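Descriptive structure summary
Each chain, letter by letter, is given below.
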Amino acid sequence: MRNLTLMHVLLTCLSPLLLSTSSAEQPHSDQPNILWVITDDHRADSIQAYNRATRGQDHSELGYVSSPSADALAEQGVLFTRAYCNSPGCAPSRTSMHFGMYPHHSGQYGFESGHQSADFCKPMFPTLIAQQGYQTAHFGKSGFASFDWSERKLKKTTCYQTTVDQKELYANERVDWFHHKTWSNGKADGDEAFWAMPDGGIYIRTPLNGSQAAVDLAKKTRVEKELDLLYRLGDRDGLVIGGVSPQPTAETQDGNIVSAFSDYLIHAGESYQTPWGRELDGATNDKPVFVNLGFHFPHTPVLPSQEFRDQFAGKTYKIPEFSKDELKKLPPQLVQWFKKTNFVDMDAADQQQAIRDYYAFCAMGDFLVGQAVEQFKLFSEKQHRDYVILYVIGDHGWHLGEQGGESKFAPYDTSNHCAVIAVSSDGERYPANTVCDAPIEFVDFAPTFLNIAGADITQSQFAHLDGRPIDETLSGDWQRDYVIGEMNHHIGPRAYLRSGDFAFSMRVREKNGQPGTKWGHPPGEGVRWALDAPPNDVELALFDLRVDPNEHDNVANDTEYIGLADWFRKKLGNIVLGDGRVECDWTQPNRYTISNFAKGAHDGKLAIPADLIPSVAGEESAYAPDLKIEFGPVARKSVFVSDVQSHWGGSLVKGDDGLYHMLYSRWPKDLGWAWVTDSEVAHATSSSPFGPFEFKSVALPRRGKQHWDGWCTHNPTVHRFGDQYYLYYMGNTGDGVVTGTPGKESLNWEHRNNQRIGVAVADSPNGPWKRSEHPLIDVTADDRAYDCLMTSNPSVCQRPDGGFLMVYKGVGKKFPMPNGGPVVHCVATSDSPTGPFKKHAEPVFTFENERFPAEDPWIWFQDGKYRAVVKRIKHEGRKRVFSLVQYDSVDGFDWQPAKHHEISIRTVVWEDGEVQQFEHLERPQVLIEGGVPVALLCAADTRDENRVRHSFNIQIPLVVTRSN
């Protein structure tokens, strides 16, 4: 194992000082230095700034992430939240970036060993950048497959003037891990892995055929144990998806990539020697530099250093929703993808480790990106030269359970959706604190860089570039309706097209593999197959993102979508097969075809005939399944009751401690039904959602009449969004007078009409809870408004677009005071769980001639629809009748009775068979686990012979059936 030299340590640690004191000052130039950072297999949601821009909160939908360096960079420039790769694999994605061409124009769809000998080949854009007067350099992973042609053996080439490649680091053991194939007689005969263990590097050989030697098996066992290695399911000798690096951060592969980059900048204007003895020239002082910094993280093996792994220790993550029933409607290619990447069948503990170590690896990489960026800024400052930084967060994405898999290589959003941060030192090209949510593609980077370098990209020498500068998207001068991509690896040739409303993909060639001898016919033969073959052979997949944003339901073969799927088949097929498609036999120097039977098909615009687009209004959204909700038998322990306190309205959330935390209302029983003056929100825990629960603390105690919620807190609903907990509740203040007694109920109208909605935030369900000094939802000042008298009883869920939807109770002043009325439910939306919420005009759950038709909705989003369990109030003559019912909505504003509307008429069946109907069974709160409602928490009550009300909370098991 190599040891870092003292000189290299000093150079790396003191580089800011060296950069500020070495090399002569250079004159200013209009051409800025350019730093292009690319990470690998990197999810956009590992970046807090991205989550804040798209979801209104710091952490991902799965849980805790940390990214201070990227967040700081985003504050300095533009965050592009909808950046799409053009092939969901490392080599084809990086190749498309370097050519500035789609795979169907470069002829490199996967991991082909492409070359520059064929007549159609174009130069990679760093070569064109150099022609603009730039010195070009690359450090780390290049990924693109470009070789010099040789009939005997292709020789790897580069398009950069200076390069320290990932494989050079491997060869000189400047990494914490690597592996390579071993060869014998010109054929691969095994695999050899290197591990830079703290006490010395070790090599472990695994033969292709035959048993592993005992000495290698012992070393492997040691490494697996000491590094806590986790392999992908069924792949013990393959992908490492969790573990800890044997080296500190600076000595990981990515740490060494940053060191190599730093040395290049430190030695500007002079020659220097790498720690392994190679002579290199440092960055120039009389030219602008263009540097590509290619990181390895968070590509497998997922090995964060110990310090970052410790930061994530104990974090618990949500597992993405997935059901194997979805496979029934998927085409064979996508079923095969699931089988190869299966995450859903892993042990729960292994799933948690995989997600935790992945995000920890991202956080480690974020630290190193921050170091590199600061080095680059100091270098540019010393040169008196402006700079541009383009940080591509992932050459593609990475699944952590979405669609049931852990991998990439898929046409789904998670494989292809990335983020980009662009920063310019002048602050003009990319203004600070700007978010752009218009789509860009990775083919846009080449024209962007050339444009920055001063090239006139309208000239014919740049005509092959497929993208547009991202500056044009930012300014609004260019906007595309869709993005496209293609790949031929892992599951065979498949292309995709994605718009704001639909995601479509299809098999584009009949046979798997690369053009050439394996196909049994020359490139280009039968190129129209995917347009002319039966639809089932082409394996269509279509997802309606309007109601299915997470791509769970393939509707390509559903009756109402068949016409639309065929339209997309023609659109995408004409683009990737007939608009300049290149197919090359790369085993030959110049054997290729170009298909142009649909030239101009890729126009960036979608003009879908309106009659092909199914409506998503109301109950016509039959493709979103209906839910039938029924009660299971209730255990006697599933009642949370007190002899001295009235309990009401429990809401449940699971904490990182594995316990279920109930936030509920309570007040002294001897005061009677005094919730409006004396309720407080309390906290209890249990190891099961069905109890028994034990009181722990008061979460929101009385805090003084001067506060809007200082006298009473009531009717809580608690959620975990990201890594924080949000407790929504009703609060009020008033004179504090209790107007009733046990058995004789009376409402203090001052307190009732002072009700407002608030939210408290905590890092743990144990608290402490931080409250706002102002209501989250106040009354509307207009006396004609539905909620001009009071607001209460909030219910909140996260929208598919990452925002938040609230339904709350409002009371107006149309009817005589102090009661007021009518009592209605209103809708409000926000980009953040803490607001501000925008109110929408029309009430929901309304019925003609009913002043108080509903109460206590609990809302959530599942399977393409918003769902609600609601207390329904209706009159039968002069008698008021209560029941629990279900509503659903496509958009969250138009709520209609669900197909299986009635849930319960306040009746439960106990485990011993007794049937009981309560006077009230209300404040429904649903616990959802694994994307499925599993428990309904309700407030219930009985009365004794003196009409004294005895209330408690009950946890009811749910039986949920999905149907179409």
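To start, this report covers the structure provided alongside it. Owing to the predicted nature of the structure, the values given are computational and were not obtained by experimental measurement. (Residues numbered from 1 in each chain as written. Predicted model: local features only at pLDDT ≥ 70, side-chain atom pairs only at ≥ 80, totals over all residues. Heavy atoms only, no water.)

**Quick word on the overall build of the chain**
The secondary structure content of the chain amounts to 21 helices and 48 strands. Relative to the globule expectation of 30 Å for 964 residues, the C-alpha radius of gyration of the chain, 31 Å, shows essentially globular dimensions. On the principal axes, the C-alpha backbone points of the chain span a range of 100 × 65 × 60 Å. Across the 964 residues that make up the chain, the buried fraction comes to 62%. Long-range contacts, defined here as pairs at least 24 residues apart, represent 65% of the contacts in the chain between residues at least 6 apart. By element, 50% of the accessible surface of the chain is carried by carbon and sulfur atoms, the whole surface being about 36600 Å². When the 95 positive and 125 negative side-chain charges of the chain are each reduced to one mean point, those points stand 3 Å apart. (Helix = DSSP H or I, 4+ residues; strand = E, 2+ residues; numbered from the N terminus. Rg over C-alpha atoms; globule rule 2.2 N^0.38 Å. Buried < 20%, exposed > 50% of the residue type's maximum accessible area, 1.4 Å probe, protein only. Contact = heavy atoms within 4.5 Å. Areas by Shrake-Rupley, 256 points an atom, 1.4 Å probe, with all protein chains shown as cover. Lys, Arg positive; Asp, Glu negative; His and termini not counted. Charge placed at Lys NZ, Arg CZ, Asp CG, Glu CD.)

**Describing the packing of helix α4 (residues 68-76) against helix α13 (residues 348-383)**
Between α4 and α13, the least distance of the axes is 7 Å, while the angle of their chain directions is 45°. With respect to α13, the element α4 is oriented oblique. Contacts between α4 and α13 involve Pro68, Ser69, Ala70, Leu73 and Gln76 on the former and, on the latter, Asp366, Phe367, Gly370, Val373 and Lys377. Of the residues contributing to the contact of α4 with α13, the split by class is 5 nonpolar, 3 polar and 2 charged. (Axes fitted to C-alpha atoms, helices over the stretch in contact; angles between N-to-C directions. Parallel < 35°, antiparallel > 145°, perpendicular 65-115°, else oblique. Nonpolar A, V, L, I, M, F, W, Y, C, P; charged D, E, K, R; others polar.)

**Some points on the side chain of Asp678**
Structurally, the position occupied by Asp678 is in helix α20 (residues 675-678). Within the local environment of Asp678, its side chain forms a polar contact with the side chain of Arg702, the two groups lying 3.1 Å apart. The contacts of Asp678, once residues within four sequence positions are left out, are Arg666, Trp667, Pro668, Leu671, Arg702 and Val738. (Polar contact = N/O pair within 3.5 Å; in protein donor to acceptor, adjacent residues only side chain to side chain.)

**Comments concerning the pairing of strand β48 (residues 949-963)**
Remark: a regular strand shows side chains that alternate across the two faces of the sheet. Note: strand β26 (residues 626-631) against β48, 6 bridges, orientation antiparallel. Looking at the pairing, Asp626 lines up with Ser963 of β48. The pairing of strand β27 (residues 639-640) with β48 spans 2 bridges and is antiparallel. Within β48, the position partnered with Val639 by the bridge is Ile954. Linking strand β47 (residues 932-943) to β48, which pair antiparallel, is a turn of 5 residues; within it Arg947 sits at a positive phi near 65°. (Pairing = 2+ DSSP bridges.)

**Details of the state of the cysteines**
Counted by the stated rule, this structure contains 0 disulfides. Residue Cys121 stays outside any disulfide, its sulfur separated by 6.5 Å from that of Cys584, the closest cysteine. Looking at Cys159, it has no disulfide partner, and the nearest cysteine sulfur is the one in Cys121, 13 Å off. Judged by relative accessible area, Cys159 falls into the buried class, the value being 11%. (Disulfide = S-S within 2.5 Å.)

**Observations concerning the sheet that holds strand β23 (residues 541-544)**
Within a beta sheet, neighbouring strands are joined by backbone hydrogen bonds and run either parallel or antiparallel to one another. In spatial order, the strands read β20-β21-β22-β23; together these 4 strands make up an open sheet with antiparallel pairing. Each end of this open sheet is capped by a strand with a single partner; those strands are β20 (482-487) and β23. Going from strand to strand, the sheet's axes swing by 10° on average, the running direction of each strand aside. By the bridge criterion, 4 bridges tie strand β22 (residues 502-507) to β23 in an arrangement that is antiparallel. What sits directly across from Phe502, in β23, is Asp544. Along the sheet face, helix α19 (residues 562-578) touches β20, β21 (494-499), β22 and β23 and points at about 65° away from the line of β22.

**Remarks on α4**
Looking only at α4, the buried set comprises Ser69, Ala70, Asp71, Leu73 and Ala74. Residues of α4 that are buried sit in contact with α3 (48-55), α13, β16 (387-393) and β17 (417-424).

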